[in-house]
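Here is what each chain is made of, one letter per residue.
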There are 2 protein chains.
Amino acid sequence: MDDKVNLEEEISAIEEHWTPGIVGYLNDYKLIAVKVLGEFVWHKHDETDDFFMVLSGRLTIQLRDRDVELGPGELFVVPRGVEHCPKADEEAHVLVIEPRDTLNTGDAGGDLTANPVEI
Amino acid sequence: MDDKVNLEEEISAIEEHWTPGIVGYLNDYKLIAVKVLGEFVWHKHDETDDFFMVLSGRLTIQLRDRDVELGPGELFVVPRGVEHCPKADEEAHVLVIEPRDTLNTGDAGGDLTANPVEI
């Protein structure tokens, strides 16, 4: 984990959509590579903001009052406490940054809850 | 600061190399867009890791024992306390993430020390 990270190479090794792979750390934050397709689950994180940056494809961050559409090179930080539901109509590759103890499904839990592993 | 960020658009508005522009925040971290050319200054941050991700061009993170060469879509986290000196032989556009109170030149200070402004 002390070398550079090529995000697309890391993501190509991930098999499942929505399965977070930890590619590094920044202090007490985890750097997560994930490939996404379809709709995630509505949730929020009361204790932290949530960073999303699209590497390839398109990602919609659905908020209760609007949609935020992200393409390559675009990022959005979901403020803490704000309900959101990521969605991708076609596969997208995404960098997510959040504190190490953050659960991917936040307050929602459910089948999509994943324990990220280092890749 | 509550909308999405297109990094290349933000960077196109920056005139000076090595002048950090804050494009957003993630909790107590600042998200910085910067365009770089030439050599920065050797420095370290004793209190924090330092996140670099290349958006376009090529960036060399010189360490005392090796160089880390980054191209588009590649990131590297300089561990806290490790001396480093970024260098770009051609212009590169970079996303930097570090705590809000981090000085760009770390312990080195000098002419390149900049107070990042929101752009």
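Residues numbered from 1 in each chain as written. Chains lettered and ligands numbered in written order. Predicted model: local features only at pLDDT ≥ 70, side-chain atom pairs only at ≥ 80, totals over all residues. Heavy atoms only, no water.

What follows concerns the interface of chain A and chain B. In this assembly, 31 residues from chain A lie in contact with 31 residues from chain B. Overall, the association of chain A and chain B removes approximately 2500 Å² of surface from exposure, summing both partners, and the carbon and sulfur fraction of that is 56%. Among the residues chain A hides against chain B, the three largest losses belong to Lys4, Leu26 and Asn27 of chain A. Together they make up 24% of the total. When the shortest N-O distance is used, the salt bridge between Lys4 of chain A and Glu74 of chain B registers 3.1 Å. Each residue belonging to the side of chain A that touches chain B can be placed in one class, and the counts come to 17 nonpolar, 4 polar and 10 charged. Note that strand β1 (residues 5–6) of chain A and strand β7 (residues 74–78) of chain B share 2 bridges and pair antiparallel. For Val5 of chain A, the partnering residue across the bridge sits in β7 of chain B and is Leu75 of chain B. (Contact = heavy atoms within 4.5 Å. Buried area = accessible area lost by both parts, 1.4 Å probe. Salt bridge = Lys/Arg side-chain N within 4 Å of Asp/Glu carboxyl O. Nonpolar A, V, L, I, M, F, W, Y, C, P; charged D, E, K, R; others polar. Pairing = 2+ DSSP bridges. Helix = DSSP H or I, 4+ residues; strand = E, 2+ residues; numbered from the N terminus.)

Attention now moves to the confidence of the model for chain A. Low-pLDDT portions of the prediction should not be read for the details of their coordinates. Residues at a pLDDT of 70 or more form 99% of chain A, whose mean pLDDT is 94. Quick note on the complex model: pTM equals 0.95, ipTM equals 0.94. (pLDDT = per-residue confidence, 0-100.)

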